[in-house]
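Examining the three-dimensional arrangement
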Amino acid sequence: METYHTGSRTVQDRVGVRDVADHVGRIIGQGIKPVAAAFLELQPLLILGAADPATDRVWASPLTGAPGFVRATGPHQISVTDGTRPADPLTPALAGARDLPVGTIALDPRTRRRMRVDGRLRSTARGFAIEAERVFSNCPKYIQRRESYETVADREPARPRRGAELTTAQTEFIAAADTFFLATVHEHGAGASHRGGNPGFVQAMSPHELTWPDYAGNAMFLSLGNLLTDPRAGLLFLDWNTGTTLQLTGEARTEFGEDGERRVRFTLDEVIESAAAIPLRWSAPEYSPANPTPAS
């Protein structure tokens, strides 16, 4: 697989960072190195992004388990066991998958490290395996540090609530968020990425539309490149204390300002709210020093 496809190259050229992207792109590989394997086995949370073959909608889904539920089972493969949630919109697709393009990201708030593995998913007797096609780690920019977490054993997930627009409470949930995860797709695969900032960096313009700034990052523009060629997107917001998740699917497009700033505008097709969906309770955040102050 090429390091960058046409969409990413187009955005890189528009911003004028192709040379930087070529240099940074050397971090992308196909193999899972021992240090990466060790990192994965410590994580209680994995975010997976994919398009549901039954509906073509793109979702970002949280998978949780005791550390070790995600692990490298070879230099080019990771396995996930006991990590799916029955109520998740991607669960049927994962259960019967043979060659599903997926993107994953493991983020550790304790160390402000993150790692991405994109590839092809197939179901297994105990969960699923992903044949890695792209493996890389990102810088700690915009990751809020959370010192510790605990597993709440008696937390019972509530029945998911589906809707075609955001409620007032869901709008407030998003306004308070300092982190969300973005799933995107392209012709040959999928990706899952992290977006972070101080609360207020994501704004609900209406019950059907969100917008957020695209902060300066690693210059690869993998997600924005995907959106340029295929606007389908999935967003995942989570409450790091209560375990409630908010999953959104729809389409997103990037607006390029004359001042060099970029904003992404997301139009909602469906929202799923799942109270107490994740059995993890994290400590309060220490906001990243890289976070810009949201415009009022």
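For the structure, see preceding data.
Okay, so let's go over this structure. All figures in this text were calculated on a predicted structure; none of them were measured in a lab. (Residues numbered from 1 in each chain as written. Predicted model: local features only at pLDDT ≥ 70, side-chain atom pairs only at ≥ 80, totals over all residues. Heavy atoms only, no water.)

To continue, consider the pairing of strand β11 (residues 189–196). Counted residue by residue, β11 has 8 buried out of 8 residues, so it is predominantly covered. Residue alternation in β11 divides its side chains into two sets, G189, G191, S193 and R195 and A190, A192, H194 and G196, and both sets are buried. Taken together, the 8 bridges between strand β10 (residues 179–186) and β11 define a ladder with antiparallel strand orientation. Residue pairing in the sheet places V185 in a bridge with A190 of β11. (Buried < 20%, exposed > 50% of the residue type's maximum accessible area, 1.4 Å probe, protein only. Helix = DSSP H or I, 4+ residues; strand = E, 2+ residues; numbered from the N terminus. Pairing = 2+ DSSP bridges.)

Attention shifts here to unusual backbone geometry. Leaving glycine aside, a negative phi is the common case for residues, and trans is the common case for peptide bonds. The phi angle at R112 is positive, at roughly 55°, despite the residue not being glycine. Of note in this structure, A276 is not a glycine but carries a positive phi near 55°. Relative to the assigned elements, A276 resides in the loop between β16 (262–274) and β17 (280–282).

What follows is about the packing of aromatic side chains. Counted under the stated rule, the structure contains 7 aromatic pairs. Between Y149 and W282, the aromatic rings sit 4.8 Å apart at their centres with planes inclined by 40°, giving tilted as the arrangement. Of the two residues, Y149 is situated in strand β8 (residues 149–151) and W282 in strand β17; the sequence distance between them amounts to 133 residues. Under the relative-accessibility criterion, Y149 is labelled partly exposed at 22%. Taking the centre distance of 6.0 Å and the plane angle of 25° together, the rings of F180 and F201 count as stacked. A residue pair is termed long-range when its members are at least 10 positions apart, and F180 in strand β10 and F201 in the loop between β11 and β12 (203–206) qualify at 21 residues. Assigned by exposure class, F180 and F201 land together as buried. Clustering of aromatic rings is evident, with ring pairs tying together Y142, F180, F201, W212, Y215 and F237. (Phe/Tyr/Trp six-rings, centres within 6.5 Å; stacked < 30°, edge-to-face > 60°.)

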